Amino acid sequence: MLDPEGGACRPQPGVFDVVIDQAAGVLIAVGRMTSAEAWDVLRETSMRTDIKLRNVAELLVEWGRSGALCADIRTELNRQLAQRGREPRI
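Residues numbered from 1 in each chain as written. Predicted model: local features only at pLDDT ≥ 70, side-chain atom pairs only at ≥ 80, totals over all residues. Heavy atoms only, no water.

Novice: So, helix H3 (residues 53-66): which residues are in play, and what are the values?
Specialist: Taking 1.5 Å per residue as the helical rise, H3 with its 14 residues ought to reach 20 Å, and the 20 Å between its terminal C-alpha atoms agrees with that figure. Every buried residue of H3 is listed here: Val 56, Ala 57, Leu 60, Val 61 and Trp 63. Across the axial projection of H3, the buried residues extend over an arc of 150 degrees, all falling on one side. Residues of H3 that are buried make contact with helix H1 (18-31), helix H2 (35-49) and helix H4 (71-83). (Helix = DSSP H or I, 4+ residues; strand = E, 2+ residues; numbered from the N terminus. Expected span 1.5 Å × (residues − 1). Buried < 20%, exposed > 50% of the residue type's maximum accessible area, 1.4 Å probe, protein only. Arc of directions from axis to C-beta. Contact = heavy atoms within 4.5 Å.)

Written as structure tokens, this is what we have:
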């Protein structure tokens, strides 16, 4: 299914894991981006770090709670934000 904002394909609502939606919300807030962009950042970060998408999402949600995020995820997220013209703040 095509995201209504023109982003990448993703599963139907209800099938999608809640933690991934929460992680997208963190990225939307921190990176001031659309949901489609947040989805792309999560997917790209997962691929480039070779960490499953759900695990990246769990780490990002935990970062939102604790402020702690492993260096490889932080580095890649900052790279993804900079690539999209957003100020890296993670």
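We are not done yet, so read on.
Novice: Summarise H2; cite the residues concerned and give the values.
Specialist: For H2, with 15 residues, the first-to-last C-alpha span of 21 Å sits near the 21 Å given by 1.5 Å per residue. Within the sequence span of H2, burial applies to Ala 36, Ala 38, Trp 39, Asp 40, Val 41, Leu 42, Glu 44, Thr 45, Ser 46 and Thr 49. Among the structural elements, H1, H3 and H4 are those in contact with the buried residues of H2. Phi turns positive one or two residues past the end of H2, at Asp 50, with a value near 60 degrees.

Novice: I'd love a proper account of the confidence of the model for the chain, names of residues and values included.
Specialist: When pLDDT is low, close inspection of the predicted coordinates is not appropriate. The predicted model of the chain averages 83 in pLDDT, with 80% of residues at 70 or higher. For the stretch residues 1-12, pLDDT sits under 50, and the model shows 22 contacts to residues farther than four places along the chain or on other chains. (pLDDT = per-residue confidence, 0-100.)

Novice: Can you break down the side chain of Thr 45 residue by residue, with the values?
Specialist: Note that Thr 45 resides in helix H2. In this structure Thr 45 comes out as buried when scored by relative accessible area, which is 0%. Not counting chain neighbours up to four residues away, the residues in contact with Thr 45 comprise Val 56, Ile 73, Glu 76, Leu 77 and Gln 80.

Novice: Please give an account of the environment of Val 26 that cites residues and values.
Specialist: Among the secondary structure elements, Val 26 is positioned in helix H1. The exposure class of Val 26 is buried, given its relative accessible area of 17%. When the C-alpha atoms of Val 26 and Ala 57 are compared, they prove to be 9.5 Å apart, with 31 residues separating the residues in sequence. Those residues in contact with Val 26 that sit more than four places away from it in its chain are Leu 60 and Trp 63.

Novice: Can you lay out the nonpolar core for me, pointing to particular residues and giving the numbers?
Specialist: Counting 23 residues, the largest nonpolar core has Leu 27, Leu 42, Leu 60, Trp 63, Leu 69, Leu 77 and Ile 90 as the members making the most contacts within it. Ranked by the residues each element gives to this core, the list is headed by H1, at seven residues. Here Leu 42 is in contact with Ile 20, Ala 23, Ala 24, Leu 27, Leu 53, Val 56 and Leu 60, once residues within four sequence places are set aside. (Core = buried A, V, L, I, M, F, W, Y, C linked by side-chain atoms within 4.5 Å.)

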